[in-house]
Amino acid sequence: MEVKTSLLDNMIGVGDMVLLEPLSEDSFLENLKNRFDHNEIYTYIGSVVISMNPYRSLPIYTPDKVEEYRNRNFYELSPHIYALADEAYRSLRDQDKDQCILITGESGAGKTEASKLVMSYVAAVCGKGQEVNKVKEQLLQSNPVLEAFGNAKTVRNDNSSRFGKYMDIEFDFKGDPLGGVISNYLLEKSRVVKQPRGERNFHIFYQLLSGASDDTLKKLKLDRDFSKYNYLSLDSAVVSGLDDATNFRTVRNAMQIVGFMEDELQSVLELVAAVLKLGNIEFKPESRCNGTDESRIKDKNDLKEMCELLGIEQSVLERAFSYRTVEAKMEKVSTTLNVAQAYYARDALAKNLYSRLFSWLVTRINESIKAQAKTRHKVMGVLDIYGFEIFEEGDNSFEQFIINYCNEKLQQIFIELTLREEQEEYVREGIEWTNIEYFNNAIICDLIENNQNGIMAMLDEECLRPGTVTDETFLDKLNTVCAEHQHFESRLSKNSKFLNDHSLPHNCFRIQHYAGKVLYRVEGFVDKNNDLLYRDLSQAMYKANHSLIKQLFPEGNPAKVNLKRPPTAGFQFKASVGTLMSNLQTKNPNYIRCIKPNDKKASHVFTESLVCHQVRYLGLMENVRVRRAGYAFRQAYEPCLERYKMLCKKTWPHWRGPAREGVEVLMADLQVPTEEFSYGRSKIFIRNPRTLFFLEERRKQCLQDLATLIQKIYRGWKCRIQFLLLKKSQIVVAAWYRRYAQQQKYQKIKRATTVVQSYTRGWQARKLLRELKYQKRCEEAVTTITAYWHGTQARRELRRLKEEARRKHAVAVIWAYWQGLKVRREYRKFFRANAGKKIYDFTIQRILQKYFLGLKSNIPSMSPIDKNWPARPYFFLEGVHAELRRIFHLWRCKKYRSQFTEEKKVVYEEKLEASELFKDKKALYPSSVSQPFKGDYLEISKNPKYQKLSSVVDEKILLSDMVNKINRANGKCSARIFLLTKKNVILADQKTGQVKASLPLLDLASVSVSTQSDGFFALKLKEGSSSAVKGDFLLSSEHLIEITTKLHRMGATTADREQLYIDISDEFLVQFKQDKVCVKFIQGGPKNGNGVSCKRKNNRLLEVSVPTTP
Ligand SMILES: Nc1ncnc2c1ncn2[C@@H]1O[C@H](COP(=O)(O)OP(=O)(O)OP(=O)(O)O)[C@@H](O)[C@H]1O
Ligand SMILES: [Mg+2]
C-alpha cells in the first residue's frame, strides 16, 4: 500500500507560509531560518515556491527524487522545486494549459540554477525517444552557450546572468518536447568595455584565452596572457571554482550539439577576438592649426590585426575612428573626433559588436531548437530575469532603472494573476468572493511607462529633442513633470518637502518601488538610452569581408540609409517587456522566489537583515497576505476526509457516503465554527491557519491514541496467538505421548501372549507328534508284514510260472525239432537238385550290385590328368574294371574338350604336336609345356615401330618373335625379327624392320635342334632351291619349341608340300654357303654359367656349349 504523506507531515517550521501563525515579518524570517538551518531550502506560499540559495550541493536533485515527485500532488510531499515543475508540467500535459515559470530574486539568489532544475526535471519526466532526446539535449545545451556569452563574475555572483532570458519550451499533445524559443532582454553591454572593481568581463573572453589551443589562438591573433587586453579586468580574472579552460571545451561541445557549424563557431570566436583587439586600440591627441582637436591611433598593430580578422580595410576603419559624418536632408557634414570622442566611438563599437553577436547567437540557437511540427503546441515558459537591484549610495544607473521597471511589471502581473487565480478558484468552487485588500503597484508602473508623462517617455523626449541635451536637462524635466507623483522623489521637485533631505543628492531622483525606495543617479541616462553608434562605424563594419559582421550591421548598408534615429534602448526595452507581459498573461503562472541567504556566497550562513530586505522587496509578506485574504488553506474533500476521519466516530474507520458529506459530519462533530470554513464544490476552504492547526493538533493526539490502541490490540493479538500456539502444541505433545505409552503397553502384552501361546503350542505339538509317531510305526509294521507276505506269494508264483515256461519251451523245441526233422525228411531230394545254381546266381548278382554301387561312390575327379581309380575288388572283374576305367577316362576327356573354343583347340593341338615331336627328346621341352603358345609376340600390326614391316608383309602373320642369328664366321649373335606366315619365314632387322631374308616354306628341307635345353635351331634349305644360295640359317630363340612345332604344322596343313622333318640330335651339319659345318652341342662346365655360348672352333666345327640340365 502506498504511504500517503503530506506537506503537513514531518514539518520543520511551517512548509507553507500561508499557515504561519501568527503572521509577521519576524515569524516569517524565523520560519525561513529554521528551515534553512535544517537544509529545507524550499518553502511554499500557497503555490509559490520560495527558494533559498544553499551555496552548496544538496542531495535533493537525484533521479530518485525526480521519481518521488513525479505525478504527485503539489502538497503531497515536502516543498521542492520539483513539485512545482511537476505541477506545471502535468497541468500543461493533462489540462492543456500553457504554463509559465517566473523565477525572480536578486543577483546570486539562484534563479538560473532554479531554471535549469526545472528544465532538467521536465526533461527527465517527459517522453523519451531518439528524436525527443535530441530536442531535450539541444534545449539543455543552449544554457552553457548563453551563459558563456551572457554571464560574468560579479561581486554578488560568480556566474551572474547579465541578460534577461525567457524561454518557451514547446510540447506536443503527449507532453513530448518539440523545441523552444528563447527571448533575451537587455544584455549589460557596458561590461564589455568596463567592469566594476572585483568583477570580470563576460566568461567567454577568459574561456577563449585559457581553453583554446595554441593553434586557434594563433589563427585569432590572440595571446594567452589576459594582461595584454585592456578590456579584461585583471584583479579578478581568475575565479576560484571556475575552470575556464574546461568550460571552453564544454561550450564548444554544447554549440556543436545545438547545431552550430564549424565555420559559424570560427566566426563567433573571430568576433570575440576582434572585441579584445578593439579594446587595445588607443588614441593620442593632435591639434590642428584651425584649433580643432583631432585624434590619431597610437599603435596601429592591433587595428591591423583586427581588420585582418574581420576582413575590413584598415584605412576605412581608421577613418571611421577619426571622423563623424552627419547626414541631414541630402547633406553630409564630416567632423573630426577628438580623443574622448574616438574612445567613445571605439567603446560604442565594442559594445555594439558584442551585444549584436549575443543577439545573433540567440537567434541562431532559436533556429536550431525551433519546433518542426506545425501543429498547435503547448507551451511552458521559463523566465530567468534579473532581480530587483539596489546599489548602495545611489550608484543605481540606467540599467538598474530598467531592471527595476521590469521587476515592477512582474510584480504587477504576479498580483494580477494570483488574485485572478484566487478569484477563479472561488468562482469554480462556488465560494462567495470577498474583496481582498492589497497594494497594487500599477501606479508605480504608470510613473515609469506612461506614454505621456512617464519617466521613460520623458527620457525619450529628451533624447530626441534638438538642442543641447544632458542628463541634467532630463532631470529638470522629470522634476517638473513627475513632481506631484507620490512615488517620485527629487531634491528639486516642486514638492519642496525633499529640499532638506540630504540623503537625496541633486543629480538623483528616487522612486518608491513596491519593494523599496531606489535612488537613481541620472548620469549616463541620456547616453545609454541613445545607445549611439556613429554611422561611419556601422558602414565600416558592413564593408567587412566577413559574413557574420555584415549580418550584424545591416544599417551600414549604404543602399538602405535610414535617416531616422533608431529606437532608444528604453523604448525597445519597454516594448519587449510589454510583449513579455502580454505573453505571460495568457499562461498559467508558477512562481519561484529566490532568496540569497548571505552576501559571502557561503553555505550555512543566514544573514537576517539581507533576507529581510529581500523578503520585503520581493513582496513575500504581501504575497502571503493576498493568499490569506480569502481562505488560508484549501483541500479536496477526499484527502481531507482521509486525513482527519479518525477525529470523529462516525467517519472512523470507514465513511461509506460521499467525501463531502463525510467532511461536513466531521466538521460538525468537531464543532468548528462555521465562519471558519466554507464548502466549495470539490474542496473545503479553511479561513484561518489556526483552524487547520487545531485539526492537525487533534489529529496528532488522535494518532497517538490510535497508535496506543493499535499497540494494545497488537500486543493482545500477539499474546493470544502465542497462547493458542502453546495450547495447540501441548495437545499435540499429549496426544503423541499417550499414543507412545499405549504402544509400549500393547507391545508388552503382545510379547507375553506370544510366550504363553508358544508354550501351549509346543506342548500340543509334542503330544501330536508322539501320537503321529506311534501311528506311523504301526503303519510301517503293517506294511512290512504285508510286503513280506506279498513277496512270499510272488516268489511262489514266479517259481510256478518259470516252471511252466520251461516246460512250454521244452515242448516248443521238441516240436520244432520234430517239425524240422519232418520237413528236412520231406524236402531233402528237391533241395539238392536246384539249390546250387540259384545260390550262385544270387551270390553273383549280389556281388556285382555291391561292386557298381562301390564304384559309384568312389568315382575319381573329372580332371583328365587324375590318375586315380578305385582298386579292383574281385579278381574275376579285372577286365571289366579296366574297361570301365578306360571308358570313364575317354568320357571325361570328351567332356573336357567340349568346353574348348576353336582357338584354344588349335593351341592345344599345337601343344599336342609339340609333345609328340619333343617329349622325351629334347631337354627344353618340359619348360615349354607351361608356356602358352602366343604366336605374335611382337604384335607387329599394333606396334607402330613395326609399321613399315607390317606393310611389306601382306600375309597373315602366324608367329613373330625376336631371334638371334648366329654369325657363321664367329658364332656371335645378332638380333633379328622372325616372322612366320602361311608361306614364308621372314627375317628382318631388329632396329629398322628391313627384311633381311624371306624364305618360302617350300624351300625348307628340315629343322635341326639339339636334345639339350638350348634354343638353337637350324633352318636347312632344300638343295637347289632359290633360297639355298645363301646357305642354311642357324638361329636361336626362347620360343624354339613353338617355332619348330608351328613350322612342322605348316607342313601338315599345306597339301602341296611334304611334312617338314624335325631332326633332333646333338650334332648336325649345316650348309654355310659352300661349306658344311658341323654344329656340336656339348654340356657346358661351370665356367659357362647359365648362358649358352657358341664358338666357331674351326672351319668344320661350331661348338655350342649348353649348361648342364639339372
Ligand atoms: N539550488 C542550488 N543548489 C546549490 N547551489 C546553488 C543553488 N542555487 C544557486 N546555487 C549557487 O549559487 C550560485 C548563484 O546562482 P545563480 O547563478 O542561479 O544566481 P542568479 O539568481 O541567476 O543570479 P544572477 O541574477 O546574478 O544571474 C550558483 O552558481 C550556485 O553556486
Ligand atoms: Mg542568473
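Located above this text is the structure these notes cover.
Throughout this description, residue numbers start from 1 for each chain and increase along the sequence as written. Each chain is given a letter, starting from A, and each ligand a number, starting from 1, according to the order in which they appear as written. The predicted origin of the model limits local features to residues at a pLDDT of at least 70 and limits the giving and counting of side-chain atom pairs to 80 or more, whereas totals for whole chains, interfaces and linings rest on all residues. Remark: hydrogens and water are excluded; side-chain values derive from all non-hydrogen atoms of the structure.

**Considerations on the coordination of the magnesium ion (ligand 2)**
Line of reasoning, step 1. Metal donors: N, O and S atoms at distances within 2.8 Å, or within 3.2 Å for Na, K and Ca, with water omitted from the atom set so that some sites may seem incomplete. The magnesium ion (ligand 2) binds to the protein through Thr 112 (OG1) and Ser 161 (OG), with metal-donor distances spanning 1.9 to 2.0 Å. With Thr 112 in helix 4 (residues 111-125) and Ser 161 in strand 5 (residues 160-161), this residue pair connects regions lying 49 residues apart in the sequence.
Line of reasoning, step 2. The cut-offs for exposure are 20% and 50% of the maximum accessible area for each residue type, with area from a 1.4 Å probe on protein chains only; residues under the lower value are buried, those over the upper are exposed, and the others partly exposed. For Thr 112, a relative accessible area of 13% translates into the label buried. In this text, helices come from DSSP runs of H or I with a minimum length of four residues, and strands from runs of E with a minimum of two, each type numbered from the N-terminal end.

**So, the site of ligand 1**
Line of reasoning, step 1. Throughout, near means a residue has at least one heavy atom within 4 Å of the molecule or strand. Close to ligand 1 lie 17 residues; Ser 107, Lys 111, Thr 112, Ser 160 and Ser 161 are nearest.
Line of reasoning, step 2. Take Glu 113: an N or O atom from its main chain is 2.9 Å from an oxygen atom of ligand 1.
Line of reasoning, step 3. Here ligand 1 loses 86% of its free accessible area of 620 Å² to cover by the protein chains.
Line of reasoning, step 4. Contributing elements (two or more residues each) for the shell around ligand 1: helix 4 and strand 5.
Line of reasoning, step 5. Sorting elements by how many residues they give to the shell around ligand 1 places helix 4 first, with three residues. Any pair of nitrogen or oxygen atoms within 3.5 Å is treated as a polar contact; in protein, a donor-acceptor pairing is required on top of that, and neighbouring residues in sequence qualify only through side-chain atoms on both sides. In short, Shrake-Rupley with a 1.4 Å probe defines the accessible areas, and a residue's cover is counted only from the protein chains shown.

**Focus on helix 1 (residues 25-37)**
Line of reasoning, step 1. In this scheme, a helix's expected span is set at 1.5 Å multiplied by one less than its residue total. Under the 1.5 Å per step criterion, the end-to-end length of helix 1 is 18 Å for 13 residues, consistent within 8% with the ideal 18 Å.
Line of reasoning, step 2. Among the residues of helix 1, those classed as buried are Ser 27, Phe 28, Leu 29, Asn 31, Leu 32, Arg 35 and Phe 36.
Line of reasoning, step 3. Note on definitions: a residue-residue contact is assigned when non-hydrogen atoms from the two residues lie within 4.5 Å. In this structure, the buried residues of helix 1 make contact with strand 1 (42-45), strand 2 (48-52), strand 16 (588-595), helix 22 (608-617) and helix 23 (620-629).
Line of reasoning, step 4. In the stretch just after helix 1, Asn 39 is the one whose phi turns positive, near 60°.

**Notes on unusual backbone geometry**
Line of reasoning, step 1. In this structure, the amide linkage connecting Glu 21 to the following residue, Pro 22, adopts the cis form with an omega of -5°.
Line of reasoning, step 2. Turning to its location among the elements, Pro 22 is positioned in the segment before helix 1.
Line of reasoning, step 3. Pro 653 follows Trp 652 through a cis peptide bond whose omega is 0°.
Line of reasoning, step 4. With respect to the helices and strands, the residue Pro 653 is situated in the loop between helix 24 (637-644) and helix 25 (659-670).
Line of reasoning, step 5. Despite not being glycine, Asn 39 shows a phi value in the positive range, around 60°.
Line of reasoning, step 6. With respect to the element layout, Asn 39 can be found in the loop between helix 1 and strand 1.

**Considering the packing of helix 4 against helix 5 (residues 130-150)**
Line of reasoning, step 1. Only the contacting stretch of a helix is used when fitting its axis, a line to C-alpha atoms as for every element, and angles between N-to-C directions run 0 to 180 degrees. For the pair helix 4 and helix 5, the least separation of the axes is 10 Å and the interaxial angle reads 165°. The pairing of helix 4 with helix 5 is recorded here as roughly antiparallel in orientation. Considering how the two elements wind past one another, helix 4 and helix 5 form a crossing that is left-handed. For the pair helix 4 and helix 5, contact is made by Thr 112, Lys 116, Met 119, Ser 120 and Ala 123 and by Lys 136, Leu 139, Leu 140, Asn 143 and Glu 147, respectively. Throughout this description, any angle smaller than 35 degrees is read as roughly parallel, any larger than 145 degrees as roughly antiparallel, any in the 65 to 115 degree range as roughly perpendicular, and the remainder as oblique. For any helix crossing, the convention is left-handed if the near helix is rotated counterclockwise from the far helix by under a right angle, and right-handed if that rotation is clockwise.

**Considerations on a positive patch on the surface**
Line of reasoning, step 1. Patch building starts from residues that exceed 30% relative accessible area and form no salt bridge, then joins like charges within 9 Å and nonpolar side chains (Val, Leu, Ile, Met, Phe, Trp, Tyr) within 5 Å. For salt bridges, the criterion is a side-chain nitrogen of Lys or Arg within 4 Å of an Asp or Glu carboxyl oxygen. When charges are counted, neither His nor the chain ends are considered; positive counts come from Lys and Arg and negative counts from Asp and Glu. Charge placement uses NZ in Lys and CZ in Arg. For Asp and Glu, CG and CD serve respectively. On the surface, Lys 894, Lys 895, Arg 897 and Lys 905 cluster together to form a positively charged patch.
Line of reasoning, step 2. Looking at the positive patch element by element, the count peaks at three residues for helix 27 (residues 878-898).
Line of reasoning, step 3. Mapped onto the elements, Arg 897 comes out in helix 27.

**Comments concerning helix 13 (residues 339-369)**
Side chains three or four residues apart in an α-helix point the same way, a direct result of the helix having 3.6 residues per turn.
Line of reasoning, step 1. Look at helix 13: 45 Å from first C-alpha to last across 31 residues, which is about the 45 Å you get at 1.5 Å a residue.
Line of reasoning, step 2. Of all 31 residues in helix 13, 22 are buried; the element is thus mostly enclosed.
Line of reasoning, step 3. For helix 13, the side-chain oxygen to backbone nitrogen distance between the N-cap and Ala 340 is 3.3 Å, and the N-cap itself is Asn 338.

**Description of the pairing of strand 31 (residues 1101-1107)**
Line of reasoning, step 1. In terms of burial, strand 31 is largely enclosed, as six of its seven residues are buried.
Line of reasoning, step 2. Direction of pairing for strand 29 (residues 1075-1084) relative to strand 31: parallel, over a ladder of seven bridges. Counterpart to Lys 1080 in the pairing with strand 31 is Glu 1103.
Line of reasoning, step 3. Pairing between strand 30 (residues 1093-1098) and strand 31: five bridges, direction antiparallel. Opposite Cys 1094, over in strand 31, you have Val 1104 as the bridge partner.
Line of reasoning, step 4. Hairpin geometry of strand 30 and strand 31 is characterised by an intervening segment of two residues between the two adjacent antiparallel strands. Strand pairing requires that DSSP identify at least two bridges connecting the strands.

**A word on the pairing of strand 24 (residues 1004-1009)**
Line of reasoning, step 1. Of all six residues in strand 24, five are buried; the element is thus mostly enclosed.
Line of reasoning, step 2. The sheet contact formed by strand 24 and strand 25 (residues 1016-1021) spans five bridges and is antiparallel. The residue of strand 25 that forms the bridge with Val 1009 is Phe 1017.
Line of reasoning, step 3. Connecting strand 24 to the next strand, strand 25, in antiparallel fashion are six residues.

**With respect to the side chain of His 487**
Line of reasoning, step 1. Structurally, the position occupied by His 487 is in the loop between helix 17 (471-481) and strand 13 (488-490).
Line of reasoning, step 2. Excluding residues that lie within four positions of it along the chain, His 487 makes contacts with Phe 439, Ile 443, Ile 444, Leu 447, Arg 510, Ile 511 and Gln 512.

**Quick word on the packing of aromatic side chains**
Here a ring pair, both rings aromatic, is described through the centre-centre distance and the interplanar angle of the planes.
Line of reasoning, step 1. Any two of the Phe, Tyr and Trp rings considered here, Trp counted by its six-membered ring, make a pair once their centres fall within 6.5 Å; the pair's planes then place it as stacked at under 30 degrees, edge-to-face at over 60, or tilted in between. Tallied over the entire structure, the rule returns 37 aromatic pairs.
Line of reasoning, step 2. On the numbers, 5.7 Å between centres and 25° between planes, the contact of Phe 488 with Phe 509 is stacked. Taken together, the residues span a long stretch of sequence, with Phe 488 in strand 13 and Phe 509 in strand 14 (residues 508-513) at a distance of 21 residues. Accessibility classification places Phe 488 together with Phe 509 in one group, the buried group.

Remember that the coordinates give geometry; whether it matters functionally is a separate question.
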